[in-house]
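Okay, here's what each chain looks like letter by letter:
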Amino acid sequence: DQQVKQNSPSLSVQEGRISILNCDYTNSMFDYFLWYKKYPAEGPTFLISISSIKDKNEDGRFTVFLNKSAKHLSLHIVPSQPGDSAVYFCAASAVRGKLIFGQGTELSVKP
Amino acid sequence: NAGVTQTPKFRVLKTGQSMTLLCAQDMNHEYMYWYRQDPGMGLRLIHYSVGEGTTAKGEVPDGYNVSRLKKQNFLLGLESAAPSQTSVYFCASSYRQGLGREGYNEQFFGPGTRLTVL
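Here the residue index of a chain counts from 1 through its sequence in written order. Labels follow written order: the first chain is A, the first ligand is 1, and so on. Two thresholds apply to this predicted model, a pLDDT of at least 70 for residue-level local features and 80 or more for giving and counting side-chain atom pairs, whereas whole-chain, interface and lining totals are computed over all residues. Where side-chain values are given, they derive from all heavy atoms of the structure, hydrogens and water being excluded.

Before going further, it helps to examine the state of the cysteines. Disulfides are defined as cysteine sulfur pairs within 2.5 Å. One pass over the structure, following the stated rule, counts 2 disulfides over all chains. Shown here is the disulfide that connects Cys 23 of chain A with Cys 90 of chain A, its sulfur atoms set 1.9 Å apart. Taking the sign of the torsion about the S-S bond as the criterion, the disulfide between Cys 23 of chain A and Cys 90 of chain A, at about 60 degrees, is right-handed. One end of the pair, Cys 23 of chain A, is in strand β3 (residues 19-25); the other, Cys 90 of chain A, is in strand β9 (residues 86-93), with 67 residues separating them in the sequence. Any residue under 20% of the maximum accessible area for its type is buried, any over 50% is exposed, and the rest in between are partly exposed; the area is computed with a 1.4 Å probe on protein chains only. Since its relative accessible area comes to 1%, Cys 23 of chain A is described here as buried. Each disulfide pairs two cysteine sulfurs, and for Cys 23 of chain B the partner residue is Cys 91 of chain B, the sulfurs being separated by 1.9 Å. Residues Cys 23 of chain B and Cys 91 of chain B are joined through a disulfide that is left-handed, its torsion about the S-S bond being -75 degrees. Of this pair, Cys 23 of chain B sits in strand β3 (residues 19-25) while Cys 91 of chain B sits in strand β9 (residues 87-94), placing them 68 residues apart in sequence. Taking relative accessible area as the criterion, Cys 23 of chain B reaches 0% and is therefore assigned buried. Exposure remark for Cys 91 of chain B: the relative accessible area of 0% places this residue in the buried category. Runs of H or I in DSSP of at least four residues are treated as helices and runs of E of at least two as strands, each being numbered from the N terminus.

Laid out in structure tokens, this is it:
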């Protein structure tokens, strides 16, 4: 049973446009959601997080939106840059110390 | 400050062989984790530790054992490797996770170990 799902394996956008990466979850007990970015042959790196008591968190070009009623979160990157090309994982936490990851979405930003 | 390091970076095993993956962190983190990444599956938690001398099972613990004898090290063992354990293994560490709405302490990941079991 996949508790965190990223239904789009890949996404391609033009440089300067908005990238929107989506994530759905099933467990209403999740209280924190995180996005990680992963380049090839490297470990994931933390990007941005959001608490379940908020509906938006912004950090520079990155904004995460949380819709609890729909059990959906999204990551917006504006404007997208070629260096943003990577695999993005969403993750959720219900039990302290344990993250459940989605399958990942590979973002390609074309110049 | 090296962060999280993993040894080895690559390894090829034959079915039935054993090996140990070593993870080390120099950030004085209390929590450490072992994940595996497989195509289309994301990262799945194998085992984790909330402190020296303690370990707990994650989502996919079967076929693996772990030990946390020192705070800075977390070892992942495969006693009898199987082709299904071919994967990329990531170690991570974090500060102690608080309770309630204290925020979430991010996990810092190592560069990974690519393991192939023939």
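Turning next to the packing of aromatic side chains. Stacked, edge-to-face and tilted are the three classes for Phe, Tyr and Trp ring pairs, Trp counted by its six-membered ring, which pair at centre distances within 6.5 Å; planes under 30 degrees apart are stacked, over 60 edge-to-face, the rest tilted. On inspection of all chains with the given rule, the structure shows 14 aromatic pairs over all chains. Ring centres of Phe 101 of chain A and Phe 109 of chain B lie 6.3 Å apart, and the angle between their planes is 80 degrees; this geometry places the pair in the edge-to-face category. With Phe 101 of chain A in strand β10 (residues 99-101) and Phe 109 of chain B in strand β10 (residues 108-109), this pair bridges two chains. Phe 109 of chain B matches Phe 101 of chain A in its accessibility class, with the two residues each being buried. Clustering of aromatic rings is evident, with ring pairs tying together Tyr 36, Phe 46, Phe 89 and Phe 101 of chain A together with Tyr 31, Tyr 33, Tyr 35, Tyr 48 and Phe 109 of chain B.

Before going further, it helps to examine the sheet that holds strand β1 (residues 4-5) of chain A. Residue and element names in this part refer to chain A. On the basis of which strands lie adjacent, the open sheet formed by 5 strands has the order β1-β3-β8-β7-β6 and antiparallel pairing. Every other strand in the sheet has two partners, leaving β1 and β6 (56-59) as the edge strands with one partner each. Here, a strand pair is defined by DSSP locating no fewer than two bridges between the strands. Sheet topology note: the β1/β3 ladder contains 2 bridges and is antiparallel. When the sheet's bridge partners are listed, Lys 5 is paired in β3 with Asp 24.

What follows concerns the interface of chain B and chain A. Should any heavy atoms of two residues lie within 4.5 Å, those residues are considered in contact. Residue-level contacts link 26 residues of chain B with 22 residues of chain A. When two parts are put together, the accessible area they lose, computed with a 1.4 Å probe and summed over both, is reported as buried area. Counting each side, the surface lost to burial between chain B and chain A is near 2,000 Å², with a carbon and sulfur contribution of 62%. Any carboxyl oxygen of Asp or Glu within 4 Å of a side-chain nitrogen of Lys or Arg constitutes a salt bridge here. Summed over the shared surface of chain B and chain A, the number is 0 salt bridges. Each polar contact in these results corresponds to two N or O atoms within 3.5 Å; when the atoms are within protein, one needs to be able to donate a hydrogen and the other to accept it, and residues that are neighboring in sequence are counted only if both atoms are side-chain atoms. At the surface where chain B touches chain A, the tally comes to 1 residue pair in polar contact (both at pLDDT 80 or more). Breaking the side of chain B that touches chain A down by element, the ones donating at least two residues are β4 (31-38) and β5 (42-51) of chain B. The residue classification treats Ala, Val, Leu, Ile, Met, Phe, Trp, Tyr, Cys and Pro as nonpolar and Asp, Glu, Lys and Arg as charged. All others, Gly included, are polar. In the side of chain B that touches chain A, the residues fall into 12 nonpolar, 9 polar and 5 charged.

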